[in-house]
Amino acid sequence: MARENGRKLIASNKKARHDYTILKTYEAGIVLAGTEVKSLREGRASLVDAFAQERDGEIMLYGLHIAEYGYGTWTNHQPRRTRKLLLHRIEIARILEKLREGGVTLVPLSMYFSDGWAKVELALARGKKSYDKRQALAERDANREIARELGRRLKGARSAR
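Described in the following lines is the structure provided in the data block.

What counts, and at which threshold
Residues numbered from 1 in each chain as written. Predicted model: local features only at pLDDT ≥ 70, side-chain atom pairs only at ≥ 80, totals over all residues. Heavy atoms only, no water. Phe/Tyr/Trp six-rings, centres within 6.5 Å; stacked < 30°, edge-to-face > 60°. Helix = DSSP H or I, 4+ residues; strand = E, 2+ residues; numbered from the N terminus. Buried < 20%, exposed > 50% of the residue type's maximum accessible area, 1.4 Å probe, protein only. Expected span 1.5 Å × (residues − 1). Contact = heavy atoms within 4.5 Å. Pairing = 2+ DSSP bridges. Salt bridge = Lys/Arg side-chain N within 4 Å of Asp/Glu carboxyl O.

Considering the packing of aromatic side chains
Working step 1: Per the counting criterion, the structure on display carries one aromatic pair.
Working step 2: Between Phe51 and Tyr62, the ring centres sit 5.4 Å apart and the planes meet at 20°, which makes this aromatic pair stacked. Here Phe51 is found in strand β4 (residues 51-55), whereas its partner Tyr62 is found in strand β5 (residues 58-62), with 11 residues between them in sequence.
Working step 3: The class of Phe51 is partly exposed, set by a relative accessible area of 35%.

Pasting the structure below:
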């Protein structure tokens, strides 16, 4: 069987981008069981309650839900088990240094297959206040309205010719 090329999105955490200010992102591999990979290829994963923390000098992913594989037998995996993330030792040291400063958390933004390997996009993030969220929503709505009005004007200009 030929190896996959490119990037195929499995799941994304849209709520994280709304609730947090993203400071820096990292790409990490993830240690998975065979039935987990098969379930991910079917797109059956959720990052909603997922977060990452340090345990024994390694970064672990908690709360990631990968549904049980439909054709799995007694060898099926547990949906919300703790999974190890694969990062370079230097990256782990930098992440842990930032986490110890305080006010910063490690959140998974998306999960995807990159050239056949399962990857997680992690972000060092700082929580937003409720007024920051409202401000971001208002800014997005204003930009959408501006784009809509520009589109109307451009359509009007074309039909007048």
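Notes on helix α3 (residues 89-101)
Working step 1: With 13 residues, α3 should reach 18 Å at 1.5 Å per residue; the first-to-last C-alpha distance of 19 Å fits that figure.
Working step 2: On its buried face, α3 is in contact with β2 (20-30), β4, β5, β8 (105-114) and β9 (117-127).
Working step 3: Just past α3, the residue Gly102 takes up positive phi, approximately 100°.

Remarks on the pairing of β2
Working step 1: The pairing of β2 with β9 spans nine bridges and is antiparallel. Across the sheet, the residue bridging to Ile22 is Ala125, located in β9.
Working step 2: Note that β2 and strand β7 (residues 83-86) share two bridges and pair antiparallel. Within β7, the residue paired with Gly29 across the bridge is Leu86.

Quick word on the pattern of salt bridges
Working step 1: Tallied over the full model, the rule gives eight salt bridges.
Working step 2: Linking Glu121 and Arg17 is a salt bridge whose minimum nitrogen-to-oxygen distance equals 3.9 Å. Taken together, the residues span a long stretch of sequence, with Glu121 in strand β9 and Arg17 in helix α1 (residues 14-19) at a distance of 104 residues.
Working step 3: Residue class for Glu121 comes out buried when judged on its relative accessible area of 17%.
Working step 4: Residue classification places Arg17 among the partly exposed residues on the basis of a relative accessible area of 46%.
Working step 5: Here the salt bridges do not stand alone but share partners, grouping Glu36, Arg81 and Arg83 into one network.

Considering the environment of Leu99
Working step 1: Note on placement: Leu99 falls in helix α3.
Working step 2: The exposure class assigned to Leu99 is partly exposed, which follows from its relative accessible area of 22%.
Working step 3: C-alpha separation for the pair Leu99 and Ala125, spaced 26 residues apart in sequence, amounts to 9.6 Å.

Some words on unusual backbone geometry
Working step 1: With a phi close to 55°, Asp56 is a non-glycine residue in the positive phi region.
Working step 2: Here Asp56 lies in the loop between β4 and β5.
Working step 3: One non-glycine residue, Asp115, lies in the positive phi region at around 55°.
Working step 4: Using a relative accessible area of 39% as the deciding quantity, one classes Asp115 as partly exposed.

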